[in-house]
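# Examination of the molecular architecture
Spelled out from the first residue to the last, the chains are:
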Amino acid sequence: MVGSPAFISYAGITFSPDNEMVYYVLWKPGQKASALYRVPVMGGASERLRENVDSPVTFSPDGKRFAFVREACDQSTILEADVDSGAERKLASRTLPQVLDYPAWSPDGRTIAATTYDSSTEKSTGSDARIILIQSADGRERAVSDHTRGWVSQLAYIGNMRGFVVSAF
């Protein structure tokens, strides 16, 4: 039996560091919040892991931790979570309308790059997103540069850590 079409929104697809699992964020009408799921690459049932995940996840190089964005009524926060225990730790936060998005863990495991922008100034030409670096150990932040991009929809480190690949305009 085929069901009726439904509006479903996916926010990011991420492979686990061992390439055995695919992690994705899903929002369905009627749900209070989006949720993080994982499914084996070779097929099988999806497993719901946690609620209130509002960005693609990014994994530490050892695969033991992941980072993501959580949006609350007045906060945009990047959290780090332990894969096994689920314990969370806040790394960086902004008061809305400032937003954090698209975290990307560095290959050396020391920093997480992310974008930040003011959602109240979004326009058809973009949001003036900036890239920042957040130290995983202590949450210290620094801007990569003063340069802004209209829209950023994905961010990844280059393996040698000499730069980023950015899907932006």
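Read on for a plain summary of the structure.

## Concerning a nonpolar patch on the surface
There is a patch of nonpolar side chains on the surface, built from F15, V41 and M42 and spanning about 350 Å² of accessible area. Position of M42 relative to the elements: it lies in the loop between β3 (35–40) and β4 (47–51).

## Quick notes on the sheet that holds strand β8 (residues 88–95)
One open sheet accounts for four strands, arranged β5-β6-β7-β8; its pairing is antiparallel. Two strands lie at the open edges of the sheet, namely β5 (58–59) and β8, each paired on one side alone. Pairing analysis gives seven bridges linking strand β7 (residues 75–82) to β8, with the strands arranged antiparallel. Bridging across to β8, E80 finds its partner in R89.

## Side note on the pattern of salt bridges
The full count for this structure, using the stated rule, is nine salt bridges. One salt bridge connects D138 with R140, and the closest N-O pair in it is separated by 2.8 Å. By relative accessible area, which is 44% here, D138 ends up partly exposed. Connected via shared salt-bridge partners are R50, R70 and E88.

Rules used throughout
- Residues numbered from 1 in each chain as written.
- Predicted model: local features only at pLDDT ≥ 70, side-chain atom pairs only at ≥ 80, totals over all residues.
- Heavy atoms only, no water.
- Patch = residues over 30% accessible without salt bridge, like charges linked within 9 Å, V, L, I, M, F, W, Y side chains within 5 Å.
- Areas by Shrake-Rupley, 256 points an atom, 1.4 Å probe, with all protein chains shown as cover.
- Salt bridge = Lys/Arg side-chain N within 4 Å of Asp/Glu carboxyl O.
- Helix = DSSP H or I, 4+ residues; strand = E, 2+ residues; numbered from the N terminus.
- Pairing = 2+ DSSP bridges.
- Buried < 20%, exposed > 50% of the residue type's maximum accessible area, 1.4 Å probe, protein only.

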